[in-house]
Amino acid sequence: MILNRQNLNDLFVGFKANFNTGFRSVPLDWNMVATEVPSNTAEEHYAWLGQFPRLREWVGERQLKQLASHDYRIRNKTFESTIAVQRENIEDDQWGIYKPMFEEMGHASATHPSELLFNLLSTGAAVPCYDGQNFFDTDHPVGRENPASVSNFGGGAGTQWYLLDNSRPLKPLIFQKRRNYDWQSLNKLDDDHVFKSKEFLFGVDARVNAGFGFWQQAFASRQALDAANFNAAYAAMMDFKSDEGRPLGIRATHLVVPPTLRAQALEVVKAERNAAGATNINMNAVDVLVTPWLT
């Protein structure tokens, strides 16, 4: 290929199209479990977390709800991926070898939120949320006076699985976005890097991060994934109450598991009959989300 401005422009437009093809080809699962929150600064302060706004009968004057003030913050981080294209490969018409690489870069960008969010979920038993307790914990304080300890963690020593209520406007996880995934390039013949290193650079970068929402919308367990433990977790979530002692109306919508628990998850909530041949009362109680990003 003759390296002139027009030929290079046409080629690099094609590379960006390859990136976009890979980006759009990904079925998203992160938006099932996380709410996307725009960010306008280096970090966002979620002081309002900790209170579900419930309605009451209006008798007398309005009762002002004082939102609990928490110091939960999510700081944006910058992520990038870069591919170097050798000038000689373009001159020798070998540019086709880069097509799948740019498609893979698009795929990696589209799945990056899932990678962040499900990795965070997997660490929830060791990472604090808005109330200062670990997101999955046995002693979340609930109640304004003499708070009681409430658990959203089933314990155990096996592979961790999760029940989530993804039906609310704010989902159990938060995907915070300061700058969207953006395609960048150094693709001019007179660019310093091209002049010095004989290679064009193409990359994507973003400023984002993942955080926790309401712990009440999630339950984790390392007990065996069977009907008894599923029912215990499901019942525990439905019993969660506000600081005023009123039901929160939590209803688990998804059973989230790593690939190693796929068969057990489907057996618990998708099979028509259980191992004994009796009717499976939990059939379709929740949807199953199997994700490779859980570690």
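Everything quoted here is computed from the prediction, not taken from an experiment.

(A) Broad picture of the overall build of the protein. A count of helical and extended segments in the protein gives seven helices and 13 strands. Taking 19 Å as the expected radius of gyration for a compact globule of 295 residues, we find that the protein reaches 24 Å, considerably beyond that expectation. For the protein, the C-alpha atoms occupy an extent of roughly 75 × 55 × 35 Å along the three principal directions. With an accessible surface of roughly 15,400 Å², the protein has 51% of that area assigned to carbon and sulfur atoms. Taking the average location of the 29 positive side-chain charges in the protein and that of its 34 negative ones, the two points are 5 Å from each other.

(B) Just the environment of Arg24, in detail. Tracing the backbone shows Arg24 in helix H1 (residues 5-24). Considered as a pair, Arg24 and Val37 are 13 residues apart in the sequence and their alpha carbons are 21 Å apart.

(C) Looking closely at the packing of H1 against helix H4 (residues 99-122). One can describe the packing of H1 onto H4 by two numbers: an axis separation of 6 Å at closest approach and a directional angle of 45 degrees. Classified by the angle between their axes, H1 and H4 sit oblique to one another. With respect to the hand of their crossing, H1 and H4 are arranged in right-handed fashion. Here Phe15, Asn18, Phe19, Thr21, Gly22 and Phe23 of H1 lie close against H4, whose contacting residues are Lys99, Phe102, Glu103, Met105, Gly106, His107, Ser109 and Ala110.

(D) Looking closely at the pattern of salt bridges. Inspection of the entire model under this criterion finds 10 salt bridges. For Glu103, the salt bridge identified is with Lys99, shortest N-O distance 2.8 Å. Placement of the pair is Glu103 and Lys99 together in helix H4, with a separation of four residues, close to one helical turn. A salt bridge links Lys241 to Asp239, with the shortest nitrogen-to-oxygen separation between them at 2.9 Å. Judged by its relative accessible area of 36%, Lys241 falls in the partly exposed class. The structure contains a network of salt bridges with shared partners spanning Glu43, Arg73 and Arg75.

(E) Molecular detail of the confidence of the model for the protein. Per-residue pLDDT for the protein averages 90, and the proportion of residues at 70 or more is 92%. This model gives residues 63-69 a pLDDT under 50, and the stretch forms 12 contacts once residues within four places in sequence are excluded.

(F) Seen up close, the pairing of strand E8 (residues 161-164). By the alternation rule, side chains of E8 split into Trp161 and Leu163 and Tyr162 and Leu164, which are all buried. Sheet topology note: the E8/strand E11 (residues 218-222) ladder contains four bridges and is antiparallel. In the strand pairing of E11, Leu163 is matched with Phe219. As paired strands, E8 and strand E12 (residues 254-257) are joined by three bridges and run antiparallel to one another. Looking at the pairing, Tyr162 lines up with Val256 of E12.

(G) Geometry of the sheet that holds strand E13 (residues 287-290). The strand order across the open sheet built from five strands is E7-E11-E8-E12-E13, with neighbouring strands paired in mixed fashion. A strand with exactly one partner marks an edge of an open sheet, and here the two such strands are strand E7 (153-156) and E13. On average, adjacent strands in this sheet sit at an angle of 20 degrees to one another, irrespective of strand direction.

(H) Focus on helix H6 (residues 227-238). Compared with an ideal rise of 1.5 Å per residue, which puts 12 residues at 16 Å, H6 spans 16 Å between its outermost C-alpha atoms and is within 8% of the ideal. Buried within H6 are the following residues: Phe230, Ala233 and Met237. When H6 is viewed along its axis, its buried side chains cluster within an angular range of 70 degrees and face the same direction. Where H6 is buried, its residues touch E8, E11 and helix H7 (262-269).

Basis of the calculations
Residues numbered from 1 in each chain as written. Predicted model: local features only at pLDDT ≥ 70, side-chain atom pairs only at ≥ 80, totals over all residues. Heavy atoms only, no water. Helix = DSSP H or I, 4+ residues; strand = E, 2+ residues; numbered from the N terminus. Rg over C-alpha atoms; globule rule 2.2 N^0.38 Å. Areas by Shrake-Rupley, 256 points an atom, 1.4 Å probe, with all protein chains shown as cover. Lys, Arg positive; Asp, Glu negative; His and termini not counted. Charge placed at Lys NZ, Arg CZ, Asp CG, Glu CD. Axes fitted to C-alpha atoms, helices over the stretch in contact; angles between N-to-C directions. Parallel < 35°, antiparallel > 145°, perpendicular 65-115°, else oblique. Left-handed = near helix turned anticlockwise from the far one by under 90°. Contact = heavy atoms within 4.5 Å. Salt bridge = Lys/Arg side-chain N within 4 Å of Asp/Glu carboxyl O. Buried < 20%, exposed > 50% of the residue type's maximum accessible area, 1.4 Å probe, protein only. pLDDT = per-residue confidence, 0-100. Pairing = 2+ DSSP bridges. Expected span 1.5 Å × (residues − 1). Arc of directions from axis to C-beta.

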